[in-house]
Structures are given as structure tokens and as C-alpha cells.
Amino acid sequence: MSDPAKTRRHAERVRELVASLVREIKDPRLGMVTVTDARITGDLREATVFYTVLGDVTEQSSTAAALESAKGMLRSRVGHALGLRHSPSLAFVLDNVQENVKEIDDLLAAARHRDEEVQRLAAGKQYAGDPDPYKSEEPEDEDEETERVGAREDLG
């Protein structure tokens, strides 16, 4: 097992290499691909490459097929560039960033709507009880405080 820093460096390098090598693929099925992330196992044998595709579902599926067919070329070039004894096997995973963004936007809109509802319900209301719920005792006399501090200094 290699150390985590080395694994992260190799994963970053795999991401960069695959992103540059995808431009060299001459497959007409390949769409507008952006490599978003790469992860590699601790033994450096398997790499997972996350990507997004601009377009609809048909373009996403045709791009997935193009990446699968170019996997051998990509694996050999990545392995050679990394200088490892064994080239890591590559797995491509579609990263649906647009769906995640839409889900987050929907959650934020719902939270905004609930906040507006709370503000509407709270308009014109006032707190129950006293305006200052924290009762404070009468402040002690400063002379008594000075005597206690002086007594502590004598002890110390």
C-alpha cells in the first residue's frame, strides 16, 4: 500500500493525462467531454475517471461507448506516462453535474421559501416573557472584590 499523498498525486496526474489524451481520440461518437476527477486505489492498480458530457442522453451514451473503445489506448499511454510497473486499469463514470446543480438549486429555493414563510409568520410578533430574560443579581461592591483578590495573592 502506498502513502495517501503519493496516491493523490497519481490520481491528479491520471486526471490530467486522460483529459489531454481524450482530445486525441478520433472517434466520431465522442462528444464534448470534461474530465472532472480521478481516483486511484492505494495499490495503484485501478483508476476511476469521472467525466461530464455536454448534451443529451444519446450523446452521453455514445461518448461512454467511445471512451470504452479507447480504454486500451488510454490505459497504455497513462501507464507509460506514470512510469509504473503495471498500468492502472481505467473505469469511466459519468458525473452528472447538471443534475446535482439542479437538485441543490431546488433545495435552496425550498429553504428560501420556508424562510420567507417564517418571516411572514413572525411579522408583528413579540417574544413571550420579559424583554431581558437573564436576571442579574446586584453587582458586588468593589471593595469586597479587591479584598478577595488581595487574599488570593497573599495565599499564592
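Before going into details, it helps to say that this report is about the structure given with it. Model, not experiment: these values are computed from the prediction.

Description of the overall build of the protein
Here is step 1 of the chain: Scanning the protein from terminus to terminus reveals 5 helices and 3 strands.
Here is step 2 of the chain: Along the protein, helices and strands appear, N-terminal first, in the series α-β-β-α-α-β-α-α.
Here is step 3 of the chain: Residues counted as buried form 22% of the 156 residues belonging to the protein.
Here is step 4 of the chain: Residue pairs at least 24 apart in sequence account for 60% of intrachain contacts in the protein once pairs closer than 6 positions are excluded.
Here is step 5 of the chain: On the protein, roughly 11900 Å² of surface is accessible, and the fraction owed to carbon and sulfur atoms is 52%.

Quick look at unusual backbone geometry
Glycine aside, negative phi is the norm for most residues, and most peptide bonds take the trans geometry.
Here is step 1 of the chain: One non-glycine residue, leucine 44, adopts positive backbone phi at about 60°.
Here is step 2 of the chain: Considering the arrangement of structural elements, one finds leucine 44 in the loop between β1 (32-40) and β2 (46-54).

Re the pattern of salt bridges
Side-chain pairing between opposite charges can occur once the charged atoms of the two side chains come close.
Here is step 1 of the chain: Counted according to the given criterion, the structure contains 8 salt bridges.
Here is step 2 of the chain: A salt bridge links arginine 13 to glutamate 16, with the nearest nitrogen and oxygen atoms 3.9 Å apart. Here arginine 13 pairs with glutamate 16, and both are found in helix α1 (residues 4-22), just 3 residues apart, close to one helical turn.
Here is step 3 of the chain: Accessibility expressed as a relative area gives 36% for arginine 13, which makes it partly exposed.
Here is step 4 of the chain: Lysine 71 is the salt-bridge partner of glutamate 68, the closest N and O atoms lying 3.1 Å from each other.
Here is step 5 of the chain: For lysine 71, a relative accessible area of 22% puts it in the partly exposed group.

What counts as what
Residues numbered from 1 in each chain as written. Predicted model: local features only at pLDDT ≥ 70, side-chain atom pairs only at ≥ 80, totals over all residues. Heavy atoms only, no water. Helix = DSSP H or I, 4+ residues; strand = E, 2+ residues; numbered from the N terminus. Buried < 20%, exposed > 50% of the residue type's maximum accessible area, 1.4 Å probe, protein only. Contact = heavy atoms within 4.5 Å. Areas by Shrake-Rupley, 256 points an atom, 1.4 Å probe, with all protein chains shown as cover. Salt bridge = Lys/Arg side-chain N within 4 Å of Asp/Glu carboxyl O.

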